[in-house]
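# Structure assessment
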Amino acid sequence: MANKKIYKTESGELVYGVMAEFANPAELSHAAEKVRDAGYTKWDVYSPFPVHGMEEAMGMKQTNLPILVAIMGLSGATIGFLFQYFVRHLAYPIVHQAKPTDSWQVLIPVTFEFGVIFTAFSALLGMFVINGLPRWNHPLLRKDRFLGVSDDRFIIAIEAADEKFDAQGVKTMFEKAGATAVELVTEEADKPKVKAAH
Amino acid sequence: MSAINPDQTTAARLAGMMRAPEPPRVDDPVTKDGSLVEDPSVRAPLVLGNRTFNDVTETVCGYIEKGPGRWWMPAFGLASAVASITGLMVGYLIITGVGVWGLNNHVDWAWDITNFVFWIGIGHAGTLISAILCLLKQKWRTSINRAAEAMTIFAVICAGMFPGIHIGRVWMAWMLFPIPNSNAIWPNFSSPLLWDVFAVSTYATVSLLFWYMGMIPDFATLRDRAARRLMRQGDSAPTLPIVGVRVDQLRALIYGLLSLGWRFSSRHWHTYEKAYLMLAGISTPLVLSVHSIVSFDFATSVIPGWHTTIFPPYFVAGAIFGGFAMVLLLLIPSRILFPGMKDLITLRHLENMAKIILTTGFMVGFAYAMEFFVAWYGANAYERDVFIYNRLMPPFLAGEDGKYAPYWWAYWTMIACNVLSPQVFWIKSMRQSPLVIFIVAFLVTIGMWFERFVIIVTSLHRAFIPGEWGMFYASWVDILTFVGSCGTFLTLYLLFTRFLPQFAMSEIKNVMPQANPHWEGYGHHGHGHSTGAAGGSHAAHHAPQAPKEGI
């Protein structure tokens, strides 16, 4: 990407992208399909809850998280087993009821718990890593309209970093797809206005 | 209402100055609040009162932003006063020694372990609702899972205290964990007591992760609402009395940090849902394993009355039974104290939980019967005597030898509360009445405490040799420690209702009919929008209203 275009507003602010609001999940899904078919790659759909069928409408790939979690869970169980074996057989063998200290059966419950805790942490932390969280600042989070997503709004945003990005073209496409509002998002977006709106 | 511009209404609501209007309450003779639909082809609505997405946000966030009501402060004061008794009793115990309890050489486990198993059992309902009902795609779980998960964490906190303080020398509690030390002593990994340490601490950790993960989107909602109010109110925003910080600034900061910058992206949702499903998948065997391992503490011993293979499933069923009872004990008063909740926790939810109580009550009853069968069929004289003369036989039925069970009243309390009282749920009107459900849930909670008391104390007080027979009498410290633990539980729960979202908002929105892109209200697939007002106004694009009857 040698000749990457950098978009700026007339006042010289760096452009993050363009966002559009849609009235409801149905409109949102249709619009997402249109954006997908138009061939954009750096874009996202924002909704207060995971909209059914959105993965398909956006043409998303399945996440690799389950593989990561499976590997971590099994490693956790292995670590747990070996650790107990070390403690029970090598570090501090306690013979009771004349039972061998290297039996594996008694190690199962704690091995299981080790596996569970590794699985749980890797599922949660893996989700954060894949999603790029925590990230406490984002150009979109400075937009008043965008903050409504956490309540009942539905928004699609296309980033300026997308190769096919063209502010006017994106705006026209959104409007054709039935957007109720289209807004430009800048990197150093509007500071919170200390004034009552309307 | 009609004279106000809808924009102003929305602005007022966003500013936290106005609650969403109460919808007219339907009171149908058959479906009651509209959720008890009998027709199997009709899906009962999960959210009542034609609620929009915004109404759900308003209801749930409103109680955090404006406070739950005047009752909260006195309730919290009372609960935390009771909770402080725990601190006093534990302090007294540590300073003086375990002799302040009623334990003795015959009954060396009593209320401490009874309370531990009681609380850890209650802690099972939360994960059951979040994990197992999630895997079974039971959508009604969305309105109760958050409160149940919170309750789980608090119950596990209460449970975790008891093994910690019953070990005698509390300052040696670290030896429960496999930590390298100068004596080169390691714990015994073949002991169920050590498995228990791992099972309970894993369970507490995973439940906490699960609970937190579910709350991330809701924290983001609270953050955004605070941020928007700050933008709108500016300098007129309310401030805290002494420090002079704006309340919403504090909210935006704290909820913002907790939300980790969640921004409701569909790509994030995709990974999030996968991770949530995996947590549910791993929590399901975990929740079943925890009480199984707790039961190993007893089942692997040789004490008659404990040495039973039925213990693991019996304990798990009992835990679900007792846990659901506690969820109902908390949610039924919540429906009255937080009126907006009646749209989210419908009578159908309560009825479903009543049915689970009935089912698990049967499982527990079956286990009680099976224990007797095995005691008889196993032909072990000690075990038979434990069941008949340690538990069952009341003095007025004693034979010519005059032998009877001194703790017969505990055993029969357990049977009456756990096996008999849920039977009222066979009658439809009973399992649809919140008052009856509350009473039964209360009885079940008492019964489940007595179940653990019966298992532990009645088995121990008369073991093999008559020379080691003796009674257990609870001391005042025993009683007050338990009362204090109830206060601790209630205090934590009240704090939860005050500062954290009591419902999984994003999950509830997701099960509302209008969340489905193919909902009939949106017309045919593929057609463009027809909304007249382009851009601008927020109020114009409210999500369409749900139909009156469920879909």
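The structure presented is a predicted model; accordingly, all values stated were derived computationally and were not measured.

One can read the domain layout of chain A as domain 1 (17-62 + 143-186) and domain 2 (65-131). Computed over C-alpha atoms only, the centres of domain 1 of chain A and domain 2 of chain A are separated by 44 Å.

Another aspect to go through is unusual backbone geometry. Omega for the peptide link from Leu133(A) to Pro134(A) comes to -5°, which places this bond in the cis form. Note on placement: Pro134(A) falls in the loop between α4 (108-131) and α5 (144-147). A positive phi angle, near 55°, is found at Lys137(B), a position not held by glycine. Take Lys137(B): there are 7 C-beta atoms within 10 Å of it, and that puts it in the exposed class. Despite not being glycine, Ala184(B) has its phi angle at roughly 55°, a positive value. Among the secondary structure elements, Ala184(B) is positioned in the loop between α6 (145-166) and α7 (192-233).

Let's shift gears to helix α10 (residues 311-337) of chain B. When the terminal C-alpha atoms of α10(B) are compared, their 39 Å separation across 27 residues agrees well with the 39 Å that a helix rising 1.5 Å per residue should span. Most of α10(B) is tucked away: 19 of the 27 residues are buried.

All names here are of chain A. Of all the eight residues making up strand β1 (residues 15-22), seven are buried; the element is thus mostly covered by neighbouring parts of the structure. Relative to strand β4 (residues 181-186), β1 runs antiparallel, the two sharing six bridges. Within β4, the residue paired with valine 18 across the bridge is leucine 184. When β1 meets strand β3 (residues 154-159), the two strands line up antiparallel, connected through six bridges. Its bridge partner being in β3, valine 18 is matched across the sheet by isoleucine 158.

For the rest of this paragraph, the subject is the nonpolar core. Counting residues in hydrophobic clusters, the biggest one holds 195 residues, and the most contacted among them are Ile156(A), Ala157(A), Met151(B), Phe324(B), Val327(B) and Ile357(B). The leading source of residues in this core is α7(B), at 18 residues. Counting contributing residues, this core receives three or more from each of domain 1 (17-62 + 143-186) and domain 2 (65-131) of chain A. Discounting chain neighbours no more than four positions away, the residues touching Ala157(A) are Gly17(A), Val18(A), Met19(A), Trp43(A), Asp44(A), Tyr46(A), Leu140(A) and Val185(A).

Glancing now at the sheet that holds β1(A). Residue and element names in this part refer to chain A. Taken in spatial order, the four strands line up as β2-β3-β1-β4 in an open sheet, and their pairing is antiparallel. Bordering the open sheet on either side are β2 (43-46) and β4, each of which pairs with just one other strand. On average, adjacent strands in this sheet sit at an angle of 20° to one another, irrespective of strand direction.

Residue and element names in this part refer to chain B. Per-residue confidence for chain B averages 83 on the pLDDT scale, and 87% of its residues sit at or above 70. Per-residue pLDDT, averaged within each element of chain B, yields its smallest value for helix α1 (residues 6-14) (57) and its largest for helix α16 (residues 476-499) (93). Here the predicted complex scores 0.85 on pTM and 0.88 on ipTM.

Turning our attention to the interface of chain A and chain B. Each side of the interface is counted separately: chain A has 72 residues, and chain B has 73 residues. Looking at the side of chain A that touches chain B, the elements with two or more residues in it are α1 (25-37), β2, α2 (54-58), α3 (65-91), α4 and α5 of chain A. Per-element accounting of the side of chain A that touches chain B gives the leading share, 15 residues, to α4(A). Looking at the side of chain A that touches chain B residue by residue, the class counts come to 44 nonpolar, 17 polar and eleven charged.

Cut-offs applied
- Residues numbered from 1 in each chain as written.
- Chains lettered and ligands numbered in written order.
- Predicted model: local features only at pLDDT ≥ 70, side-chain atom pairs only at ≥ 80, totals over all residues.
- Domains from an automatic or database assignment.
- Helix = DSSP H or I, 4+ residues; strand = E, 2+ residues; numbered from the N terminus.
- Buried ≥ 20, exposed ≤ 12 C-beta atoms within 10 Å, placed from the backbone.
- Expected span 1.5 Å × (residues − 1).
- Pairing = 2+ DSSP bridges.
- Core = buried A, V, L, I, M, F, W, Y, C linked by C-beta atoms within 7 Å.
- Contact = placed C-beta atoms within 7 Å.
- Axes fitted to C-alpha atoms, helices over the stretch in contact; angles between N-to-C directions.
- pLDDT = per-residue confidence, 0-100.
- Nonpolar A, V, L, I, M, F, W, Y, C, P; charged D, E, K, R; others polar.

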